[in-house]
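These are the residues of each chain, in order.
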Amino acid sequence: MLVYTIKRFFEMIIVFFLFLIISYLLFNAIPGNAFSSLLLNPLLPPETYQRTIETFGLDKPLFERIQLYIINFFKGDFGYSYIYYPRTPIELIAERLPRTLMLFSIVNVIAFYTGFLVGKILAWRRGSKSETWITIGSVFSYTVFYPWFALMMLWFFGYKMGWFPLGKFLVPEKWYDSPYSSDEIFYTLILFTTVTSVFLFLIFIFTRNIESLQSRRNSRFVGLIILFIISAIYWSNGEASLQRFYAADIAYHMILPTFTVTLVAFAGTALLTRTTMMEVLKDDYILTARAKGLSQKRIRDRHAARTALLPVVTSFIFTIITIIDGSVLTESIFSWPGMGQLILEAVTREDIPLAMASFSFIGILALIAHFIADISYAFLDPRIRVKVEN
Amino acid sequence: MSKILLEVKNLSMHYDTLEGNVEAVKNVSFNVNSGESFGLVGESGCGKTSVAMTLLQLQPENSIITEGSIKLDGKELVGLSENDLRKVRWDSISIVFQGAMNAWNPVIKIGEQIREAMREHYPQNSKQENINKINELFRMVGLDESISERFPHELSGGMKQRAVIALALSCDPKIIIADEPTTALDVVIQDQILNEIKKVQNLLGLSLIYISHDIAVIAEMTDKIAVMYAGSIVEMGPTKNVFTSPKHSYTRALLDSTPSIKGEKKKLRSLDGEPPSLIDKIDGCSFAPRCPDREISCNPTEHMSLIEIEPDHYVDVCSQGKI
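Note that this is a predicted model, so its numbers are computed, not measured.

Draft legend 1. Looking closely at the overall build of chain A. A tally of regular secondary structure across chain A gives 16 helices and 0 strands. Each of the three principal axes of chain A carries a C-alpha extent, and together these read 80 × 55 × 40 Å. Among the 390 residues that make up chain A, the fraction classed as buried is 46%. Long-range pairs, those at least 24 residues apart, make up 74% of the contacts in chain A between residues at least 6 apart in sequence. Charge separation in chain A, taken as the distance between the mean sites of 34 positive and 28 negative side-chain charges, equals 15 Å.

Structure (structure tokens):
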């Protein structure tokens, strides 16, 4: 397993270098050049202009420029953003990336979980009326033209019903006299969500070995309640009780985009789970499980769904990447100030350093997602684990 | 006299398919006493497995039991709710399936798959108790204890089949159904598995229903056999009697088609024709079109029913002209 991980890691690094080079070449192929956009930018003082030319070797041949670019990449030096002048691309990304990651990790987790849940119930209830209608609904949300759908959601829930804000990250009026910056609050939110998910995960891991099913369920329930109480205590004491108001504002703005993207993203997982699970249900070991006198729920979840999970995980990883790409659309429509908007801005206004830095980070994210997928796949399927070990 | 453990009476079942009703089991009755081994023999598609599945009430969804009763230890199984059936399955009656290769879930460890059944039927057991029991069962069927921690794909076919037997024994059933447990195995392993089953059966005093198309295996394994043809039992009796003096032409044909190692060399006989399609309703003797002894006075239009011709030896009424 360790050898496999290391091997995959090195493969990832090679792919990453290729990615860097190809993306550089693509930027290089854009008509017009960096000079012209530099010259036209009145914000840049002459020293910066000179420094940019030197660090990126803009007066040197292509091959040297690529070398310089890779070296600078590992130094974390992307020069200056043209449009946000005194700020560097790294600073901008450090501000924007967490917002995108937060939004889309939540979407991904919910989309995968609900998609898998709905898929397995659909397969289990094959032939029933509810199955037909939910399948039709899933096909609709899987195939719908996403920008239109997002706008419709915004129009209906934001404008017509007025339940949710019309995009944006926060309501500026509320923050005028705020002692905290929005980033501070947002990092607290991220930290809180991460810690909570880790605890949830730990509860499941530790209760796995309880033999009796009844007490396993009970102890999980108790764990959830404790987690809930602890987080309630956290938000009602000390500094967090002051931050609560602002955190709630951000969270409120997250609901509609999360809901919309989840609706679109879950359908693919649900439909694929339904298909694979229907295949699995024909297998002999399902019959064995029934003969053993196991409960229907246990056969469905432990035997059928567990095996059906494998192809679903694979396809889901690819979905993650399209969702990251899709962040451009989502963030523009919901005016969510994340990576997607940053990229769009950088590209449309020819801010090449910023665009290159953003693309590189998205590339890294995609590679990491693939890496995690490979590892978790080996973890989920013992047959692959063995192949991997030999 | 040992008491009757499993009593199947007038069991009829058909599959509802697009082409029509497939009459897979027709008016089947038999008893299995406790500690006895009972064989069910017949060619492929004669309804043996359908009978086995019906005993556990695990028949596919499109099957309909039209009449009959299955009493296990005095308890009626036909029409029992799914929840009540769950308590009976594995606890009183367990099964060793035809394809042991696919009987294991590929992503769960063997030990966990056995423990899962034990958890269901003995919720009060601690994990260690269950593990001890599994180890004991593994020793009984000749497997190493470390197998519990293995995944199914790490085991050979024979090992999987032994583990399936251990699985079948895990909840102390009163009766085990072995549905062609050795079909996919080579002859050497087949012999070992058969011995294992017999050993365990004697050791624990279990009843066994052994289902096979291989009459030689049945002869070795069972005290009593029933020969099935086209969904009905055509002859039933103590194994010894049936083998030494078969009364039904089909039983004779089955015996004649098996080579014997001892004795004179003779040409193996085979039957002409094919088993009838079970979709068409068959009036009277279903074997009549293929019967080699048809010219002898029998009544092919008469309905199949069994008559006792010797103590405990039953034969289809249609062949009575021959006796």
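Draft legend 2. Structural context of the packing of helix α5 (residues 89-124) of chain A against helix α9 (residues 182-207) of chain A. Residues and elements named next belong to chain A. Their axes nearest at 11 Å, the elements α5 and α9 cross at an angle of 40°. Judged by the inter-axis angle, α5 sits oblique to α9. Read as a crossing pair, α5 and α9 show a hand that is left-handed. Mapping the contact onto sequence places A94, E95, P98, R99 and M102 in α5 and S182, D183, F186, Y187, L189, I190 and T193 in α9.

Draft legend 3. Focus on the environment of E7(B). Residues and elements named next belong to chain B. As for its placement among the helices and strands, E7 is situated in strand β1 (residues 4-17). The class of E7 is partly exposed, set by a relative accessible area of 24%. Between the C-alpha atom of E7 and that of V32, which follows or precedes it by 25 residues, the distance is 6.5 Å. With near-sequence residues (within four places) excluded, E7 lies in contact with F30, N31, S69, I70 and K71.

Draft legend 4. Examining the packing of aromatic side chains more closely. Residue and element names in this part refer to chain A. Within this structure, the stated rule accounts for 21 aromatic pairs over all chains. Plain terms: the ring middles of F112 and F116 are 6.1 Å apart, the flat faces sit at 0° to each other, and that makes the pair stacked. Note that F112 and F116 are positioned in helix α5 at a spacing of 4 residues, about one turn of the helix. When its relative accessible area of 13% is taken as the criterion, F116 is described as buried.

Draft legend 5. Representation of the sheet that holds strand β3 (residues 37-41) of chain B in the model. Residue and element names in this part refer to chain B. Strand order in the open sheet formed by 8 strands is β6-β7-β8-β3-β9-β10-β12-β11, and the pairing between neighbours is mixed. In this open sheet, the two strands that pair with only one neighbour each are β6 (93-96) and β11 (306-310). The mean angle between the axes of side-by-side strands here comes to 20°, regardless of whether they run parallel or antiparallel. Bridging between β6 and strand β7 (residues 175-179) involves 4 bridges; their strand directions are parallel. When the sheet's bridge partners are listed, I95 is paired in β7 with I177. Where helix α5 (residues 157-169) meets the sheet, its contacts fall on β6 and β7, and the angle it forms with β6 comes to roughly 175°.

Draft legend 6. Expanded view of the domain arrangement of chain A. All names here are of chain A. When cut into domains, chain A gives domain 1 (1-83 + 349-390) and domain 2 (89-348). Averaged C-alpha coordinates put domain 1 and domain 2 at centres separated by 29 Å. With both sides pooled, the region where domain 1 packs onto domain 2 buries about 2300 Å², and carbon together with sulfur makes up 80% of that total. Contact with domain 2 buries area across many residues of domain 1, yet R349, I362 and L380 alone supply 25% of it, more than any other trio. At the junction of domain 1 and domain 2, the tally comes to 0 salt bridges. Broken down by class, the residue content of the side of domain 1 that touches domain 2 amounts to 16 nonpolar, 6 polar and 5 charged.

Draft legend 7. View of the interface of chain A and chain B. Contact residues are listed per partner, giving 27 residues for chain A and 33 residues for chain B. Taken together, the two surfaces of chain A and chain B that pack against each other cover about 2600 Å², and 56% of this comes from carbon and sulfur. In this assembly, chain A and chain B are joined by 4 salt bridges. Close ionic contact of E116(B) with K292(A) constitutes a salt bridge, the shortest N to O distance being 3.1 Å. The interface formed by chain A and chain B holds 11 residue pairs in polar contact (both at pLDDT 80 or more) in total.

Draft legend 8. Spotlight on the pairing of β11(B). All names here are of chain B. Strand direction decides the pairing type here: β11 and strand β12 (residues 313-316), joined by 4 bridges, are antiparallel. Within β12, the residue paired with L306 across the bridge is D316. Connecting β11 to the next strand, β12, in antiparallel fashion are 2 residues, including D312 with a positive phi near 70°.

Draft legend 9. Inspection of unusual backbone geometry at higher detail. Residue and element names in this part refer to chain B. Phi at N10 is positive, roughly 45°, even though this residue is not glycine. Relative to the elements of secondary structure, N10 occurs in strand β1. The partly exposed category is assigned to N10, whose relative accessible area is 36%. With a phi close to 70°, W90 is a non-glycine residue in the positive phi region. Tracing the backbone shows W90 in the loop between α2 (82-88) and β6. With relative accessibility at 0%, the residue W90 sits in the buried group.

Draft legend 10. Quick look at the environment of R208(A). Residue and element names in this part refer to chain A. Mapping R208 onto the fold places it in the loop between α9 and α10 (213-235). Using a relative accessible area of 54% as the deciding quantity, one classes R208 as exposed. When the C-alpha atoms of R208 and R220 are compared, they prove to be 9.5 Å apart, with 12 residues separating the residues in sequence. R208 has contacts with R216 and R220, leaving out every residue within four places of it along the chain.

Draft legend 11. Seen up close, α9(A). Residue and element names in this part refer to chain A. Between its first and last C-alpha, α9 extends 38 Å over 26 residues, near the 38 Å set by a 1.5 Å rise per residue. Of the positions making up α9, those classed as buried are S182, I185, F186, T188, L189, I203 and T207. On its buried side, α9 packs onto α5, α8 (172-175), α10 and α11 (238-280).

Thresholds, definitions, all that
- Residues numbered from 1 in each chain as written.
- Chains lettered and ligands numbered in written order.
- Predicted model: local features only at pLDDT ≥ 70, side-chain atom pairs only at ≥ 80, totals over all residues.
- Heavy atoms only, no water.
- Helix = DSSP H or I, 4+ residues; strand = E, 2+ residues; numbered from the N terminus.
- Buried < 20%, exposed > 50% of the residue type's maximum accessible area, 1.4 Å probe, protein only.
- Contact = heavy atoms within 4.5 Å.
- Lys, Arg positive; Asp, Glu negative; His and termini not counted.
- Charge placed at Lys NZ, Arg CZ, Asp CG, Glu CD.
- Axes fitted to C-alpha atoms, helices over the stretch in contact; angles between N-to-C directions.
- Parallel < 35°, antiparallel > 145°, perpendicular 65-115°, else oblique.
- Left-handed = near helix turned anticlockwise from the far one by under 90°.
- Phe/Tyr/Trp six-rings, centres within 6.5 Å; stacked < 30°, edge-to-face > 60°.
- Pairing = 2+ DSSP bridges.
- Domains from an automatic or database assignment.
- Buried area = accessible area lost by both parts, 1.4 Å probe.
- Salt bridge = Lys/Arg side-chain N within 4 Å of Asp/Glu carboxyl O.
- Nonpolar A, V, L, I, M, F, W, Y, C, P; charged D, E, K, R; others polar.
- Polar contact = N/O pair within 3.5 Å; in protein donor to acceptor, adjacent residues only side chain to side chain.
- Expected span 1.5 Å × (residues − 1).

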